[in-house]
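Architecture and fold: a report
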Amino acid sequence: MNNQPWVKIYDDEAWDDSIVGNREGLLALKQAIDDALENECVEVADRFQSDFGVVALSDQDWEQTEPQEVKGTWGVIVPFILFIWAVVLPLLAIYKLAFE
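Residues numbered from 1 in each chain as written. Predicted model: local features only at pLDDT ≥ 70, side-chain atom pairs only at ≥ 80, totals over all residues. Heavy atoms only, no water.

Attention now moves to the pattern of salt bridges. Enumeration over the complete set of coordinates arrives at one salt bridge. Among the ionic pairs, Arg47 bridges to Asp35, the shortest N-O distance being 2.8 Å. With Arg47 in the loop between strand S3 (41–43) and strand S4 (49–50) and Asp35 in helix H1 (residues 23–39), this residue pair connects regions lying twelve residues apart in the sequence. Classification of Asp35 as buried rests on a relative accessible area of 15%. (Salt bridge = Lys/Arg side-chain N within 4 Å of Asp/Glu carboxyl O. Helix = DSSP H or I, 4+ residues; strand = E, 2+ residues; numbered from the N terminus. Buried < 20%, exposed > 50% of the residue type's maximum accessible area, 1.4 Å probe, protein only.)

Right under this line is the structure:
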């Protein structure tokens, strides 16, 4: 049996919105939480394998910790630039390679 500490956040049918880990991983997460309560932020990469990188303390309200929408001009420009970069440029490159 692998005793490598691990913790994972699941959002599927079997583990709906759950933190799951082996005993060693959950104990390491508990220690990381205690350390974050003292130091505000700790990295977990050297403590256990996980799909997140930091345990952090925040004094903000619940609503303030949610991702903020980009408003105004940047809310339109940035997705457009990303679309050009991720879709149009690769298609143009494939076209040039195939037909020129």
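What follows picks up the thread again.
What follows is about H1. Here H1 contains 17 residues, and its C-alpha end-to-end distance of 24 Å stays within 8% of the 24 Å for a straight helix at 1.5 Å per residue. Within H1, the full set of buried residues consists of Gly25, Ala28, Leu29, Ala32, Asp35 and Ala36. Projection of H1 onto a plane perpendicular to its axis shows the buried side chains occupying an angular sector of 125 degrees, all on one side. For H1, the exposed residues set more than 90 degrees away from the buried face come down to Arg23, Lys30, Leu37 and Glu38. Against the buried residues of H1 lie strand S1 (6–10), strand S2 (18–21), S3 and strand S5 (54–56). At the exit of H1 stands Glu40, carrying a positive phi of roughly 75 degrees. (Expected span 1.5 Å × (residues − 1). Arc of directions from axis to C-beta. Contact = heavy atoms within 4.5 Å.)

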